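An overview of the molecular structure
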Amino acid sequence: SLSLTGQMLDPVLTGLGMVIGGSYTDSEVKQRSDSPAMTLPGLSRKVVNATLYYEREGFEVRTSARYRSDFLGEVTGRSLSRNSVNVKGETVIDAQVAYDFSQSNIEQLYGLSVLFQISNLNNEPFVTYNNGDQRQVRDYQNYGRSFMFGVSYKL
């Protein structure tokens, strides 16, 4: 992982920053010592998270992205049984803009803050497939983007 603020590079970049993290997992799990290795449900081999942000004088802008590689998932089948399926890797991008009026010179708005967020900005679908072949789509779920607006006031 790496966390870097702009002022570490130059004072002109105060307020800018980034946080990046990643993992690579190579595991072999066996039920018994003589059984073949199996994949753990939900475990992606590669995961990367990155956030870029600007925060200064009450104003905040940030965007985050999360990538995860293909993984073995579990879904509910007939009679509520759990079925293993291959899940296609995905990259999901989120963004947010906020302002805290307590940082402004407008005394009447002191304590007020507003926030606007978009989740799944890139409209990434959730896709499962059969037989280890991404062309054999089993299920394609497009949840779309979520837009959220919030207002808070502190006394």
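All of the points below concern the structure found in this document. As the structure is a prediction and not an experimental result, all values here were calculated from the model. (Residues numbered from 1 in each chain as written. Predicted model: local features only at pLDDT ≥ 70, side-chain atom pairs only at ≥ 80, totals over all residues. Heavy atoms only, no water.)

Turning to the overall build of the protein, a few remarks are in order. Per the secondary structure count, the protein includes zero helices and 11 strands. What you see in the protein, going N to C, is helices and strands ordered as β-β-β-β-β-β-β-β-β-β-β. What you see for the protein is a C-alpha radius of gyration of 22 Å, clearly larger than the 15 Å of a compact globule of 155 residues, by over 25%. Principal-axis analysis of the C-alpha atoms places the extent of the protein at approximately 70 × 40 × 30 Å. Across the 155 residues in the protein, those meeting the buried criterion constitute 23%. (Helix = DSSP H or I, 4+ residues; strand = E, 2+ residues; numbered from the N terminus. Rg over C-alpha atoms; globule rule 2.2 N^0.38 Å. Buried < 20%, exposed > 50% of the residue type's maximum accessible area, 1.4 Å probe, protein only.)

A few words on the pattern of salt bridges. Per the counting criterion, the structure on display carries four salt bridges. The shortest N-O distance in the salt bridge between Arg 66 and Glu 90 comes to 2.4 Å. Remark: Glu 90 occurs in strand β7 (residues 90–100) and Arg 66 occurs in strand β4 (residues 59–68); sequence separation between them is 24 residues. What makes Arg 66 partly exposed here is its relative accessible area of 29%. Among the salt bridges present, the one from Arg 135 reaches Asp 133, with a minimum N-O distance of 3.0 Å. (Salt bridge = Lys/Arg side-chain N within 4 Å of Asp/Glu carboxyl O.)

Let us now look at the sheet that holds strand β1 (residues 2–5). Ordered by their spatial adjacency, seven strands build an open sheet running β1-β2-β3-β4-β7-β8-β11, and the pairing between neighbours is antiparallel. Edge strands, defined here as strands with exactly one partner in the open sheet, are β1 and β11 (146–153). Across this sheet, the average inter-strand angle for adjacent strands is 10°, counted without regard to direction. Here β4 pairs with β7 via 10 bridges, running antiparallel. Its bridge partner being in β7, Ala 65 is matched across the sheet by Ile 93. (Pairing = 2+ DSSP bridges. Axes fitted to C-alpha atoms, helices over the stretch in contact; angles between N-to-C directions.)

In terms of strand pairing, strand β5 (residues 71–76) meets strand β6 (residues 82–87) through six bridges, oriented antiparallel. By the bridge assignment for β6, Leu 72 is matched with Asn 86. A loop of five residues connects β5 with β6, the two strands running antiparallel in sequence, and Ser 79 in this loop sits at a positive phi of about 55°.

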